[in-house]
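Secondary and tertiary structure notes
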Amino acid sequence: MKWKNKGHEFDGVYDKLKRKNRFYLFGAGMYGKAMYEELSSLGVGILGFIDNDETRLHSEYMTKEIFALNEITLQEDEAIIICVTPFSRGPIMQQIQIKGYIYNEDVYTMETYMSLKYVYELKKMYISSVSFLPSTCCNLNCEACLNFTPYIKHQMVRSLQQVKEDVDIFFHAVDYIMLFHISGGEPFLYPHLKELVTYIGEKYRDKIHFLQTVTNGTVELKDDILEILARYQVGVTVDDYRLAVPEKADVFTNVIRKLEQYHIRYDINKVDRWIDLAPMSTDHSSWDEYRLTKHFEACHEPWQELRGGRLYSCNYASYAAVAGLTEESEDEVYNLKEFQKDQMKELMEFRMGYNEKGYVNFCKRCAGFVDINPNIVEPAKQKER
Ligand code: SF4
Ligand code: SF4
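Remember, predicted model here, so these are calculated numbers, not experimental data.

Attention now goes to the domain arrangement of the protein chain. Assigned domains of the protein chain: these are domain 1 (11-122) and domain 2 (126-377). Between domain 1 and domain 2, the C-alpha centre-to-centre distance is 26 Å. With 16 residues of domain 1 at the interface, the matching set in domain 2 holds 15 residues. The contact between domain 1 and domain 2 buries some 1500 Å² in all, and 78% of this surface belongs to carbon and sulfur atoms. Our enumeration of links across domain 1 and domain 2 arrives at 0 salt bridges. Examining the composition of the side of domain 1 that touches domain 2, we find that 8 residues originate from one element, helix H4 (residues 110-122), more than from any other. Of the residues belonging to the side of domain 1 that touches domain 2, the class tally is 11 nonpolar, 2 polar and 3 charged.

This is how it looks when you write it as structure tokens:
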């Protein structure tokens, strides 16, 4: 979205939200639990969970009952908070619409609720998530890599001093974050991963709900790093690329065994299709500002990147810039180095999708994220180097 009333874009939404006192949490899973814990600690009334899994209806989750959406009738001071990842939200939003509930009146995403609660009421800075890229190095070379690995001419490996500085700048501005994601490349090939996690764990772990990283499941995980991940409760997403890279299937098995041995929280990411974000055929360079802004808004790309003391509007646009496929421009970044506490609403708006021009340069050659991208490709298909 393009900023029109910077620092006040959510005033109207908050006016309605502040009349709500009790909430149903839609999604009795990992984020439902996280939101239950956060809201309980803030003293917010929780009525129960809503979930689409019929086998769980009327059972208890986190001491609260699980209902179906059609069993709920909202009272005037009640609302629903959607507590599932942005990737699985589409069908829920449709259900909500069919039920006749209004977005940002009866129903809020967890990002909107938490951001407004923190900034408007608690006068503190909340960020839903950030992606932090210490290095672009990867042992694989996936054709449709969302980090554009096959296009990178000069790998970026940031020094420990640089990444520590970024972490300090970020937490100088931000009081609490739901998901701090150490991304890649392949994060387990970053030579300072252990020191980086230790630094974050020692200084800022109490400001982070989920501290998370990822591995492509094709590199062995070292014991000293696993010890640190266990100590600071870092979760690991393990991509399952065994179909595309069968010669590394044994490594995948070892990775899972090691994570279990160290009692590290993990999830396996196995998908049967990928999108190609920016195939060469995509060309929106003739689009005007209005059309590019609409493309950006429809994309619903949920990530922003932290790098060099700045937040980047779109994670993938910033990866593309690192790979040399696009130019970064000042009107699509937020400079955290200059952040002052009286700019919390602006920073919150930026994280919620506002910037100076309403889109990012890379939208001119990017087909968009999963909601709008028709370019389906085989997961992790390898490209010859
Ligand atoms: S594993 Fe594949 S998708 Fe992931 S960073 Fe490496 S090349 Fe990209
Ligand atoms: S269209 Fe592409 S560049 Fe634009 S916001 Fe979406 S993912 Fe980013």
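That was the structure; now back to the text.
In space, the 8 strands of this open sheet follow the order E11-E10-E9-E8-E7-E13-E14-E15, with mixed pairing throughout. For this open sheet the edge positions go to strand E11 (266-269) and strand E15 (333-335), each flanked by a neighbour on one side alone. Pairwise comparison of adjacent strand axes, ignoring direction, gives a mean angle of 25° for this sheet. Note that strand E13 (residues 305-307) and strand E14 (residues 310-312) share 3 bridges and pair antiparallel.

For soluble globular proteins, the rule of thumb is that nonpolar side chains tend to be buried together. Ranked by internal contacts, the top residues of the largest apolar core, which has 111 residues, are Met35, Tyr113, Phe170, Phe180 and Leu311. Structurally, this core is a two-domain feature, drawing no fewer than three residues from each of domain 1 (11-122) and domain 2 (126-377). Filtering out sequence-adjacent residues up to four positions away, Leu311 remains in contact with Ile127, Val130, Phe170, Gln304, Glu305, Leu306, Glu332, Val333, Tyr334, Leu336, Leu347 and Phe350. Core analysis: the second largest hydrophobic core is formed by 14 residues, Ile82, Val84, Ile96 and Tyr101 among them.

Turning our eyes to something else, we now look at the environment of Gln75. With respect to the element layout, Gln75 can be found in the loop between strand E4 (64-67) and strand E5 (78-82). Exposure remark for Gln75: the relative accessible area of 44% places this residue in the partly exposed category. Gln75 sits 93 residues away from Asp168 along the chain, and the two C-alpha atoms are 43 Å apart.

Another point: the site of ligand 1. In the vicinity of ligand 1, the contacting residues are Cys138, Leu140, Cys142, Cys145, Thr149, Gly185, Asn216, Tyr241 and Trp274. Residues belonging to the shell around ligand 1 are distributed by class as follows: 6 nonpolar, 3 polar and no charged.

Right, let's get into the packing of aromatic side chains. Under the defined criterion, the tally for this structure stands at 22 aromatic pairs. Ring geometry for Phe23 and Tyr113: centres 5.0 Å apart, planes at 65°, overall edge-to-face. Of the two residues, Phe23 sits in strand E1 (residues 22-26) while Tyr113 sits in helix H4, which places them 90 residues apart along the sequence. Aromatic ring contacts, followed pair by pair, group Phe132, Phe170, Phe171, Phe180 and Tyr204 into a single cluster. In this arrangement the basic side chain of Arg56 is found over the ring face of Tyr61, its NZ or CZ atom lying 5.2 Å from the centre. In this structure, Lys357 is placed above the aromatic ring of Tyr359, and the distance from its NZ or CZ to the ring centre is 5.3 Å.

All right, on to the packing of helix H2 (residues 30-41) against H4 then. Contact geometry for H2 and H4: axes closest at 12 Å, N-to-C directions at 20°. Taken together, the axis directions place H2 and H4 in an arrangement best described as roughly parallel. Helix-helix and strand crossings are classified by hand; for H2 and H4 the assignment is left-handed. Two secondary-structure elements touch here, H2 through Tyr31, Met35, Glu38 and Leu39 and H4 through Met110, Tyr113 and Met114.

Its place among the elements puts Thr149 in the loop between strand E7 (126-132) and helix H5 (160-173). The contacts of Thr149, once residues within four sequence positions are left out, are Cys138, Leu140 and Asn141.

Cut-off values and rules
Residues numbered from 1 in each chain as written. Chains lettered and ligands numbered in written order. Predicted model: local features only at pLDDT ≥ 70, side-chain atom pairs only at ≥ 80, totals over all residues. Heavy atoms only, no water. Domains from an automatic or database assignment. Contact = heavy atoms within 4.5 Å. Buried area = accessible area lost by both parts, 1.4 Å probe. Salt bridge = Lys/Arg side-chain N within 4 Å of Asp/Glu carboxyl O. Helix = DSSP H or I, 4+ residues; strand = E, 2+ residues; numbered from the N terminus. Nonpolar A, V, L, I, M, F, W, Y, C, P; charged D, E, K, R; others polar. Pairing = 2+ DSSP bridges. Axes fitted to C-alpha atoms, helices over the stretch in contact; angles between N-to-C directions. Core = buried A, V, L, I, M, F, W, Y, C linked by side-chain atoms within 4.5 Å. Buried < 20%, exposed > 50% of the residue type's maximum accessible area, 1.4 Å probe, protein only. Near = heavy atom within 4 Å. Phe/Tyr/Trp six-rings, centres within 6.5 Å; stacked < 30°, edge-to-face > 60°. Lys NZ or Arg CZ within 6 Å of the ring centre and 35° of its normal. Parallel < 35°, antiparallel > 145°, perpendicular 65-115°, else oblique. Left-handed = near helix turned anticlockwise from the far one by under 90°.

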